[in-house]
Amino acid sequence: MFTGFMMDAWITATIVAVVAGVVGYFVVLRGSAFPAHAIPKGAFAGAAAASLLGISTLVGLAVFSLLGAVGIGSLSRRGRNDVATALALVLMLALGAAFLSRTTEYEPEIYSLLFGEILGVSSSAILPVAGLAVVCIAAVAIIYRPLLLSSIVPDIAEARGIRSARIDMCFLLVVALATAVAVPVVGALLIFSLMIGPPAAARALTSRPVLAMVLAVVIALITVWAAIALSYQYNWPIGFFVGALGAVSYAIGRGWSAWQGSVTARQGV
Amino acid sequence: MHQVYTAVFEPGFFGSPQVHVAITIGGVVAIVCAVVGVFTVMRGQSFAGHSLGDVSAAGGSGALLIGLNPVAGFVGLGVVGAAVMDMIGIQRLRGRDLATGIVLGAAIGLSALFLYLTATTGATTGATQQVLFGSIFTTTSATIGVVAALGGLALAGVVMVYRPLLLATISPDVAAARGVPVRLVGMIYMLALAVSVGLSSIAIGAILSTALLIGPAAAALRLTSRVGWALGVACVIGVLATWLGVLLAYDSYYWGSAHLGLPVSFFIVAVIFVTYLASGAVTARSARTARPAELVKVPAAGTEV
């Protein structure tokens, strides 16, 4: 389980989990689950376009996820957020369908782009993925304070001169970077589970930002590692385990905070 | 004159049985989606509307795997997903996003498993594409009856609770004070949403399901602030966009010499997107001429109703 190509899988999955935990914490905090689903799913069209043009899938993914982020950001300035996200998403998917109709792509390749193919990660892919991950984490670190402030108390952030539209756009670009890191590994659809389940569980356990972020990364790591081990053992797709474990970790987090709540209520605090 | 006619309607358009089915089913689905979609947009639940499409696609792939009727899978799991979202707390503003996200994440995991098992047992080829993208042209005329019945059901649900739903959507507090069962009305609406998204996912594909649910409704609500008018305008936009998309997709087969054609979903989405952008331009123009007091009618981006 820990030899050769499996080592590459473990390393990339670990990188993805760290990025998903950090970015996912803000996704949950800001209530940006829809863009976090739409950008990776729409970026899938980029992969289709890349295969049509015969260029690297990673380039296609990165370009389309950035385009998606810019599209969502600029459409929401003149309309509702969720409507803008939905329309940007369907436009990208429609483009993807048009590209796919032009290629003779095999079914399994489409499947693995959507649901991930952890064993297909080659050691030459580790370096670009790691590079993108570092850029992504660095971007979060740079905008950390204004991002946190505008996520928790948007009014105070505005009063301090933080432009929420600009922060929104920066954050969407961060999500786009995270997408490019994660899609080749866990797939366009499953990166979403990883960005929602573990951070939501972490938020249910603690309200302190840094601790919650660390917890989110830890839970994401456990989820991904367990998913790889289970998928290796039982030969079922890794995507299923990531999705299921994400939901389970959220349920445990909710259960824990409900139990805590009832304990404090009984103590009369 | 005849040349113009054949340029617009390429030969055989009206004679093709697939076109007949696409026009009929597309029209029915567009109307159902437009009506339900106006409330979806007003309630700020586009994410739930889109997610239910993915959830019902998981049901569809599950049904494909065990050999059930796909319609039952699509609509069945969609309804279950809507119930779980409602249970986790879609009615509360803060929990809404998360409730949808958790259900969506779990459903995607299930899709991954079902599609994988379907592919390995070798039952069907092209299952991934079929379930996730779908196509209006592959629908058979046998589906028309089921689609119409389920569409009627969803419409009846919305019509039944129209007034209380409208009040609960615009101002939940006032509705509650007047004795409207806000929670129950919200649940009935979620069920109608699940049924209409499920049926549109199977009839026209998951991409178009979201496009027809959100696009026409959002454009209509930009053009008029009266909900009754918006319902009508959304239906007209939805149906016309669908029919124009079908026509363009049919014609695209004759463009160029390669005879490849482009998918119908691409054209319908393109028409809807352009309509949405155009409606924004119309709103911006009337906002410039309107008195300042009228400017605050539309809630700013990101605010919840």
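Look up: the structure comes first, before these words.
Summarised in this report is the structure supplied together with it. (Residues numbered from 1 in each chain as written. Chains lettered and ligands numbered in written order. Predicted model: local features only at pLDDT ≥ 70, side-chain atom pairs only at ≥ 80, totals over all residues.)

A look at the overall build of chain B
Rule in force here: What counts as a helix is a DSSP run of H or I of at least four residues, what counts as a strand is a run of E of at least two, and both are numbered from the N terminus. The exposure scheme places C-beta atoms from the backbone and then counts, for each residue, the other C-beta atoms within 10 Å of its own, assigning buried at 20 or more, exposed at 12 or fewer, and partly exposed in between. Once C-beta atoms have been placed from the backbone, residue pairs whose C-beta atoms lie within 7 Å are recorded as contacts.
When helices and strands are tallied, chain B shows 13 helices and zero strands. Across chain B, helices and strands are ordered from the amino to the carboxyl terminus as α-α-α-α-α-α-α-α-α-α-α-α-α. When the 305 residues of chain B are sorted by exposure, 53% land in the buried category. For chain B, restricting intrachain contacts to residue pairs at least 6 apart in sequence, the fraction spanning at least 24 positions comes to 74%.

Considering the nonpolar core
Filter applied, for reference: Note on terminology: a nonpolar core is a set of buried residues of type Ala, Val, Leu, Ile, Met, Phe, Trp, Tyr or Cys, with members joined through C-beta atoms within 7 Å.
By size, the foremost hydrophobic cluster in this structure holds 203 residues, and its most contacted members are V19, V23 and V181 of chain A together with V38 of chain B. Per element, the largest residue contribution to this core is 17 residues, and it comes from helix α2 (residues 17-42) of chain B. Leaving out residues up to four positions away in the same chain, V19 of chain A has contacts with A133, C136, I137, A178, V181 and A182 of chain A.

Remarks on the interface of chain A and chain B
Inclusion rule: Any residue outside Ala, Val, Leu, Ile, Met, Phe, Trp, Tyr, Cys, Pro, Asp, Glu, Lys and Arg is labelled polar, Gly included; the first ten of those are nonpolar and the last four are charged.
Every contact between the two is made by 46 residues of chain A and, on the other side, 44 residues of chain B. Going through the elements one at a time, α2 (33-53), α4 (81-100), α5 (107-115), α10 (190-205) and α12 (238-267) of chain A are the ones with two or more residues in the side of chain A that touches chain B. Broken down by element, the residue count for the side of chain A that touches chain B peaks at 12 residues, all from α4 of chain A. Of the residues belonging to the side of chain A that touches chain B, the class tally is 29 nonpolar, 11 polar and six charged.

Quick notes on helix α7 (residues 144-152) of chain A
Residue and element names in this part refer to chain A. Counted only if it meets this: What the arc measures is the spread of directions leading from the helix axis to the C-beta atoms.
Within the span of α7, buried status applies to L147, S150 and S151. Burial along α7 is one-sided: seen end-on, the buried residues are contained in an arc of 105°. For α7, the exposed residues lying more than 90 degrees away from the buried face are R145 and I152.

Side note on the environment of F267 of chain B
Residue and element names in this part refer to chain B. Structurally, F267 is set in helix α13 (residues 264-289). Classification of F267 as buried rests on a count of 23 C-beta atoms within 10 Å. Taking the C-alpha atoms as reference, F267 lies 32 Å from T169; in sequence the two are 98 residues apart. Once residues within four sequence positions are removed from consideration, F267 is found in contact with G245, L248, A249 and L262.

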